[in-house]
Amino acid sequence: MKFDQKLNNLVIKINIYEEVRDIEVNGIVYKYIFKLSDDKFSSINKNDLVKQIITEDNYKQKLYDLDSNFFLIIWSVDYLFCTVDHIGSYQLAYKFENNQIIISNNLSSFNNSICEHSFNSILYSGYTLGNKTLYKNYKTLYPCEFLIYKNNVLKKNFFYNINFVYNPSLTKEFELEEIIEKLFLKLKKRYSECNIVVPLSAGIDSRLILSSLKYFGFQNVKLFTHYNQNKRDKNIAYKLSKYFDYPIELIKLKFQDCKKIYRSNKFNEYQNYKLVFNSLNNHGDFISIEKLIKKKFINIETDLIMNGQSGDFISGNHIPMFLFEKKNTNIENIMEKTLDYIIFKHFNLWSEEKFNKDQLSLRNMIKKKYFNSVKNIQEIIGNYEKFEFENRQVKWVIGQQKVYDFFKLSCYLPLWSITLVDFFSNKISVEQKKGQKLYKELLIKKNYSGVWKSIPINPKERFGIYLRLLRITLKCIFFFFGKKSWHKFEKKYLSYFMDSTYATSFYTYFHYIKTKKIPRNVIALMAKDFLKKKKNDNIFIC
């Protein structure tokens, strides 16, 4: 959305605690903050880029070509430029009122009125909708969005538009193969001086990272994975490490140990780290990273994390399969079904069987913002992908990288490269996104480094023997009450012990099960406590 407004003597306030540099352009001194996730290893000439933006020298293309995870702010007395990268890997909030603009990456110390819609959105999903924050007057920048104030005019625009539209003709596999090759050869040159650390699972995306690193000749690679009762990721990761002869750290998560970490002052510090209040802080790899740094398996100065997020989303795995059914003829009915799917899938942390009034209100907001004038099935699919990208992916999934920032680690997300985003968002047909068709076919056919046929991908998970016996016994008892009753019981009384990172240990078992409604996972309780604290601190308004 473009935005132009003429202003005289705009007051600019930057509330960001990062390194500030000075630069002189045409006799005027500017300040800037340029945060890069791989700053220790980056060869980007920051001064040159800042000058090109100030002088408006093809700066949109320059920002696109960076293909990095970053945010950038440039300012002087009467000038402001502020932007984030194509996936919003760093979140910036801004408020404009009374001829004053405030830019911040941490609103924790701010005291503002709460927006009820954002409150409900976080309660039911863990994040807000669109560019809203919990605070009424603050918004965040969308991916690729920038603010610029120059010659007394404030403008808002995008240096690149990410829209999910589809090619009417089939794309050849070699086109994706070429993009992967160019990407990893570029990364090999960029990161030749560092050790690459890959968080490994039994799935496709981390295997693509690992097999590509080997295929394209990266020398310094090491791996880690964590596991508890379910040893699937551990077993597959170990096989891959032996196949490639890369060192691996297998982190066994123990309940009491995790409880100690999740209830520590350090984890509490992370929960409040650089909050712009459009999402909770995703704890993701927190325990693994803390342990690996303590064991000196990870070196903050020489290592760079390279994980597989989020190849499954960008390649099409999150598109609801009912949208591909040939019987879909009534667009209005399909759109309504898609909206219902969104609420049950993404805005139902409290396991509601029927939508309540708050969920219906969120549903209406989503319809108005993302599905206002769809004309066909492809537009519904594209708008669904845009909805999930701007909300769950940017704020929650990509937000997990904040763990690395908290521990002062470098990172880069190859499968979120702007070239891959561009390819999967508008260069392939919708049929090739169904079930990740093109993506999977290329990986199996190309068989990078020979690990796509010989080592299983995502074999069936199995819980520990004691939990399996307990579940079997209880299932027999619930045979007379029906499957639905069993699933409710399991979710309420057993899921506490089944969390993959034991994040449930943040709470006591009694605290977890005493809620009137059934939490889908621990994020429900964390969101509730997060909001409860804020509601007590502020006057709640609509």
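Preceding this section is the structure that the text describes.
Reading guide: rules and limits
- Residues numbered from 1 in each chain as written.
- Predicted model: local features only at pLDDT ≥ 70, side-chain atom pairs only at ≥ 80, totals over all residues.
- Heavy atoms only, no water.
- Pairing = 2+ DSSP bridges.
- Helix = DSSP H or I, 4+ residues; strand = E, 2+ residues; numbered from the N terminus.
- Axes fitted to C-alpha atoms, helices over the stretch in contact; angles between N-to-C directions.
- Buried < 20%, exposed > 50% of the residue type's maximum accessible area, 1.4 Å probe, protein only.
- Polar contact = N/O pair within 3.5 Å; in protein donor to acceptor, adjacent residues only side chain to side chain.
- Phe/Tyr/Trp six-rings, centres within 6.5 Å; stacked < 30°, edge-to-face > 60°.
- Lys NZ or Arg CZ within 6 Å of the ring centre and 35° of its normal.

Participant: How should I be thinking about the sheet that holds strand β17 (residues 410-412) in this particular structure?
Facilitator: Sheet strands pair by backbone hydrogen bonding; their relative direction is either parallel or antiparallel. The 5 strands are arranged β15-β14-β13-β16-β17 in an open sheet whose pairing can be described as parallel. Two strands in the sheet have a free side with no partner beyond their single neighbour: β15 (248-252) and β17. Recorded for the sheet is a direction-independent mean angle of 25 degrees between the axes of neighbouring strands. Of the pairings in the sheet, the one linking strand β13 (residues 195-199) to strand β16 (residues 303-306) comprises 3 bridges and is parallel in character.

Participant: Looking at this structure, I do not really get the environment of Glu353. What am I missing?
Facilitator: Inspection of the secondary structure assignment puts Glu353 in the loop between α11 (331-346) and α12 (357-370). With a relative accessible area of 45%, Glu353 lands in the partly exposed category. Taking the C-alpha atoms as reference points, Glu353 and Tyr94, separated by 259 residues in sequence, lie 37 Å from one another. Reaching out from Glu353, the side chain makes a polar contact with the side chain of Lys488 at a distance of 2.7 Å.

Participant: Whenever I open this one, unusual backbone geometry confuses me. Can you help?
Facilitator: A negative phi holds for most residues other than glycine; trans holds for most peptide bonds. Residue Ser310 is bonded to the preceding Gln309 through a cis peptide linkage, with omega at -15 degrees. By the secondary structure assignment, Ser310 is in the loop between β16 and α10 (311-314). Residue Phe277 is not a glycine yet carries a positive backbone phi of 60 degrees. Examined against the element boundaries, Phe277 turns out to sit in the loop between α8 (265-271) and α9 (286-294).

Participant: Help me understand the pairing of strand β3 (residues 21-25), please; the structure alone is not making it clear to me.
Facilitator: Put simply, side chains in a regular strand alternate between the two faces of the sheet. Note: β3 against strand β4 (residues 28-36), 5 bridges, orientation antiparallel. Paired with Glu24 across the bridge in β4 is Val29. Taken together, β3 and the strand that follows it, β4, pair antiparallel across an intervening segment of 2 residues, in which Asn26 is found at a positive phi of about 50 degrees.

Participant: Even after reading the chapter, I still don't get the packing of aromatic side chains, so can you show me in this structure?
Facilitator: Between two aromatic rings, the relevant description is the distance of the centres plus the angle of the planes. This model, assessed by the stated rule, comprises 48 aromatic pairs. Seen from their ring centres, Tyr59 and Phe81 are 5.8 Å apart, and the 85 degrees between their planes marks the pair as edge-to-face. With Tyr59 in helix α2 (residues 59-66) and Phe81 in strand β6 (residues 79-84), the pair connects residues that are 22 residues apart, well separated along the chain. Take Tyr59 and Phe81: they sit in the same class, and that class is buried. When the centroid spacing of 5.2 Å and the interplanar angle of 80 degrees are considered together, the rings of Phe423 and Phe424 count as edge-to-face. Assessed through its relative accessible area of 3%, Phe423 is described here as buried. Of the residues examined, Phe424 reaches a relative accessible area of 2% and is grouped as buried. Connected via pairs of aromatic rings, a cluster forms that spans Tyr262, Phe267, Tyr270, Tyr273, Phe286, Phe406, Phe407, Phe506 and Tyr507. Sitting over the face of the ring of Trp452, Arg207 holds its NZ or CZ atom 5.9 Å from the ring centroid. For Lys222, the ring lying beneath its charged end belongs to Phe297, and the centroid distance is 5.2 Å.

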